[in-house]
Amino acid sequence: MDLTDLLEIAEKERSARKPTMIRCCTAAGCLSQNGQAIKKALTDAVAEAGLASEVEVVGVGCMGLCSQGPLVQVGADGPLYEKVTTEDAPSIIAALQGGQATAKTGDPLHPFFTRQVPVVLENSGRINPERIESYIEVGGYQALCHVVREMQPLEVCAVITESGLRGRGGAGYPTGLKWATVAKTEAERKYVVCNADEGDPGAFMDRSVLESDPHRVLEGMAIAAYAVGASQGYVYVRGEYPLAISRLKTAISQARRLGILGVGVFETRFDFRVDIRIGAGAFVCGEETALMRSIEGQRGTPRPRPPFPAARGLWGFPTLINNVETLANIAPIVTRGADWFAGIGMPKSKGTKVFALAGKVSNTGLIEVPMGTPLRTIVEEMGGGVPEGGRVKAVQTGGPSGGCIPADHLDTPVDYESLAQLGSIMGSGGMIVMDEADNMVEIARFFMEFCMDESCGKCVPCRAGTVQIHRILSKLSAGEGTREDIETLRDLCDMVKQTSLCGLGQSAPNPVLSTLRYYRHEYDALVTQTGPPAPSDRPQDGAGRPRGSQKGEGR
Amino acid sequence: MSTVASKEPESPPRPAPRAHPSGDNRFKMLEATMKRHQYQADALIEVLHTAQELFGFLETDLLLYVAHSLKVPPSRVFGVATFYHFFSLKPQGDHTCVICMGTACYVKGAANLVSTVEGLCGVKLGETTADGKVSLLAARCLGACGIAPAVVLDGDVFGNTAAEGLHERVKGWLS
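Here the residue index of a chain counts from 1 through its sequence in written order. Labels follow written order: the first chain is A, the first ligand is 1, and so on. Local features in this predicted model are restricted to residues of pLDDT 70 or higher, and side-chain atom pairs are both shown and tallied only at a pLDDT of 80 or more, whereas totals for entire chains, interfaces and linings draw on every residue.

Enquirer: Outline the overall build of chain A, supporting the account with residue identities and numerical values.
Expert: Helix and strand content of chain A: 24 helices and 14 strands. Counting only C-alpha atoms, chain A reaches 90 × 65 × 40 Å along its principal axes. To assign burial, the other C-beta atoms lying within 10 Å of each residue's own C-beta are counted, with C-beta atoms placed from the backbone; 20 or more indicates buried, 12 or fewer indicates exposed, and intermediate counts indicate partly exposed. Taking all 555 residues of chain A together, 56% fall into the buried category. Considering only intrachain contacts with a sequence separation of at least 6, the fraction spanning at least 24 residues in chain A is 73%. Secondary structure counts use DSSP, requiring at least four H or I residues in a row for a helix and at least two E residues in a row for a strand, with both numbered from the N terminus. By the convention adopted here, residues make contact when the C-beta atoms placed from their backbones lie within 7 Å.

Listed below in structure tokens is the structure:
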């Protein structure tokens, strides 16, 4: 297997293609709305119309606009049909020959599509994720072939460093630097791990990438392995994503069959094996040290860093851990060059970012925009704002580790630094829009309940702190809180943030702190409405007036 | 010391997948999975996944069997099985209703769905009805946020769920 073979496969795939291609979204969102049956109905309709030699119906990955699914698109830029039902199928085929389709036609020129700059998602919804040939046809695996045959490992690290790519899992650590650290560590064995344990509620970017373009991630992993000198890789996927797991399995066996993975990648002396490890529903396993313990078959509890995984990782060997989206960025950087990538986005946050837009917004789905795009563009222009004329109250980014950004900060550009300044984080890319009906204390309580349940219990601040914070928030929500509780809440949050062992605990208070910062009045309202008065005007113990009389005055 | 011992030839080679004394064929399949992983302790989570798939839930005897086969202390197997939400140590009902409690589903009214089914079944989320017909479960996030609120009914994902529709479906199971 070499470049010529790749080009040959691509050519063969291209010539076998029928003149018209109808693409049906078969990613999880559309599948759950009968996507598979629609694909079958379309195939049947094609056969019935006698067009089988000219039209092919292909199942593709995520087409982005989940709220309007199931989606079907004719040709590369043809009409986009939304909310398709099986009954619409014959008319869609008839429309190819001048008929009228009964399905609702979408607008491919809507800002939702035109504002996007697809890099990670460039193949999503275009190729068939279950055929390696389909990926090779669009230039897949050429970057890997080039890297293993013509580049030195440190050269590869240098390209990634120059590109300015930063980790897309949330923290934004420079990817090139991480690679170079692992590459320079001497060890008898090294590992590459793809972190696909997308635990943030409200985030589904990684699921979509794995379901729509699994080979892209494998290619990124193989390039990373070559760069750092690893020969074994693991993809750690959430058990909640059965479709992603099955497509990944298919992709691995296809790549192995073609000699792209396994012993002698592209007939070189570089070996790379990839295995899948399925998570078992623990949010903390997204944290890298916990994830490694889980791969080793243990309880997923984190450990202190340093030593960082780059020095001592899986089974004590240096391990490179990258997020799915980070790895999906690698092949295009190698192909098109570091300068091209560095030309997109902001000075400190380069490239694009995939966001999962959901919540109270008209167009929910997956979008990819250059770093630095203002939140307003994403939420109002692309997302179409709150349905039925409601007003955006806040945008929640970063899941349970992030914060709520209030509507008056919507002009903030989305990059690592700007979001951090607002007390939130980029996170993995979940973006939940909230409207005036959402109570922020309730939202903070929701996230704290999540963190409380998901705390692994290893360190005390997180194990006990999250429970206490949740208790206070519940008390406040029930209207039984005092002003003192709000102060205790703040102190507790600071303590948990500063003393917890891992990222889960350190970031768990973020939703509370950010809502306290921007929506303090909602906390206050819960206290003043029904609770006892603030400590300042409440007599201290033994200071005279009994509490009962004061309550009476309050009424 | 233990490494030396394991290298000694006197330890007999492991036999091919053994039949379980109970004659239950599912043990054979579990044994095959463990064999594929060469009885490595690292494969514990994978093995538990298979065990749960085969048996529906992880009984204490099953956990002991896995511990014995992989040569790890039962405490570790029990520790892992209880740590991860995916593993269930109690039998599930004939039907399962999983309600996604991710952020997107939450702001789109998942709590309402929860109270609907809880009221209908008379049990809380995470419990099974007394007659063993329906199990109510919560999911952290199905990643189907674009079609929130989402539920999984007997393994099939449904998006944009309305409380009425869910009520009908679960009521059908209970009768």
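Let's pick the thread back up.
Enquirer: So what about the sheet that holds strand β5 (residues 104-105) of chain A? Which residues, and what values?
Expert: Residues and elements named next belong to chain A. Strands were regarded as paired on the criterion that DSSP finds at least two bridges between them. Ordered in space as β2-β1-β3-β4-β5, the 5 strands form an open sheet in which the pairing is mixed. Either end of the sheet is taken by a strand with one partner, and the two such strands are β2 (55-60) and β5. Sheet topology note: the strand β4 (residues 80-82)/β5 ladder contains 2 bridges and is antiparallel. In the sheet register, Y81 faces β5, and the bridge partner there is T105.

Enquirer: Residue-level account of helix α4 (residues 60-70) of chain B, with values.
Expert: Residues and elements named next belong to chain B. Those residues of α4 not exposed but buried are L62, L63 and V66. Looking straight down α4, one finds that the buried residues subtend no more than 100° of arc, so they occupy a single side. Structural note: α4 exposes T60, D61 and H68 on the side pointing more than 90 degrees away from its buried face. On its buried face, α4 is in contact with α3 (44-55) and α5 (74-83). Where α4 ends, the next residue or the one after it, K71, has phi of about 55°, a positive value. Here the arc refers to the directions that run from the helix axis out to each C-beta atom.

Enquirer: Please give an account of the interface of chain B and chain A that cites residues and values.
Expert: Facing the 31 residues of chain B at the interface are 38 residues of chain A. Where the side of chain B that touches chain A is concerned, the elements lending two or more residues are α3, α5, α6 (103-107) and β4 (156-158) of chain B. Per-element accounting of the side of chain B that touches chain A gives the leading share, 4 residues, to α6 of chain B.

Enquirer: How would you summarise helix α12 (residues 242-257) of chain A if you had to cite specific residues and measurements?
Expert: Here α12 of chain A spans 23 Å end to end across 16 residues, near enough to the 22 Å set by a 1.5 Å rise per residue. On the buried face of α12 of chain A, the contacting elements are α6 (132-137), α10 (205-212), α11 (214-228), β7 (232-237) and β8 (273-278) of chain A. Working rule for helices: expected span equals 1.5 Å times residues minus one.

Enquirer: Outline the domain arrangement of chain A, supporting the account with residue identities and numerical values.
Expert: By a widespread convention, an interface's size corresponds to the accessible area lost as its parts come together. Domains are outlined according to an automatic or database domain assignment. For chain A, the domain assignment lists domain 1 (17-108), domain 2 (139-338), domain 3 (352-436) and domain 4 (441-537). The straight-line distance from the C-alpha centre of domain 1 of chain A to that of domain 4 of chain A is 48 Å.

Enquirer: Summarise the environment of V156 of chain A; cite the residues concerned and give the values.
Expert: Residue and element names in this part refer to chain A. Among the secondary structure elements, V156 is positioned in helix α8 (residues 153-163). Residue class for V156 comes out buried when judged on the 25 C-beta atoms lying within 10 Å of it. In this structure V156 touches V147, M151, I223, Y226 and A227, once residues within four positions along its chain are discounted.

Enquirer: Explain the pairing of β8 of chain A residue by residue, including any values.
Expert: Residues in a regular strand project their side chains so that they alternate between the two faces of the sheet. Residues and elements named next belong to chain A. Both β7 and β8 contribute to a ladder of 6 bridges, which runs parallel. Paired with Q232 across the bridge in β8 is R273. The handedness of the β7 to β8 crossover, carried by α12, is right-handed. Handedness of a crossover is defined as follows: orient the strands so they point away from the viewer, and if the path from the first strand over the helix to the second runs clockwise, the crossover is right-handed.

Enquirer: Any details on the domain arrangement of chain B? Residues and values, ideally.
Expert: On domain assignment, one finds that chain B holds domain 1 (16-83) and domain 2 (95-174). Here the C-alpha centroids of domain 1 of chain B and domain 2 of chain B sit 30 Å apart.

Enquirer: Lay out the sheet that holds strand β3 (residues 151-153) of chain B with the relevant residues and their values.
Expert: All names here are of chain B. An order of β2-β1-β3-β4 is seen for the 4 strands of this open sheet, with the pairing classed as mixed. With one partner strand each, in any of the chains shown, β2 (134-139) and β4 form the two edges of the open sheet. Neighbouring strand axes in the sheet, compared pairwise and without regard to direction, differ in orientation by 25° on average. For β3 and β4, the ladder comprises 3 bridges, and the chain directions are antiparallel. Bridged to L153 within β4 is D156. To get an axis, fit a line to the C-alpha atoms, keeping to the stretch in contact for a helix; angles then go from 0 to 180 degrees between the N-to-C directions. In the packing of helix α7 (residues 110-121) onto the sheet, the strands contacted are β1 (95-100), β2 and β3, and the crossing angle to β1 comes to about 155°.

Enquirer: Report on the packing of helix α9 (residues 175-184) of chain A against α11 of chain A, specifying residues and quantitative values.
Expert: Residue and element names in this part refer to chain A. As a packed pair, α9 and α11 sit with axes 8 Å apart at the nearest point and diverge in direction by 45°. By the angle class used here, α9 and α11 are oblique. Of the residues in α11, those touching α9 at W179, V182 and A183 are A224, A227 and V228. A breakdown of the residues in the contact of α9 with α11 according to their chemical character gives 6 nonpolar, no polar and no charged. An angle below 35 degrees is treated as roughly parallel, one above 145 as roughly antiparallel, one from 65 to 115 as roughly perpendicular, and anything else as oblique. Residues were grouped as follows: Ala, Val, Leu, Ile, Met, Phe, Trp, Tyr, Cys and Pro as nonpolar; Asp, Glu, Lys and Arg as charged; and all remaining residues, including Gly, as polar.

Enquirer: Can you lay out the pairing of strand β12 (residues 392-397) of chain A for me, pointing to particular residues and giving the numbers?
Expert: All names here are of chain A. Most of β12 is tucked away, with 6 of its 6 residues classed as buried. Alignment of β12 against strand β14 (residues 430-435), held across 5 bridges, turns out to be antiparallel. Opposite V392, over in β14, you have D435 as the bridge partner. Two elements, β12 and strand β13 (residues 403-406), share 4 bridges in a ladder whose sense is antiparallel. Along β13, the bridge assignment pairs T397 with G403.

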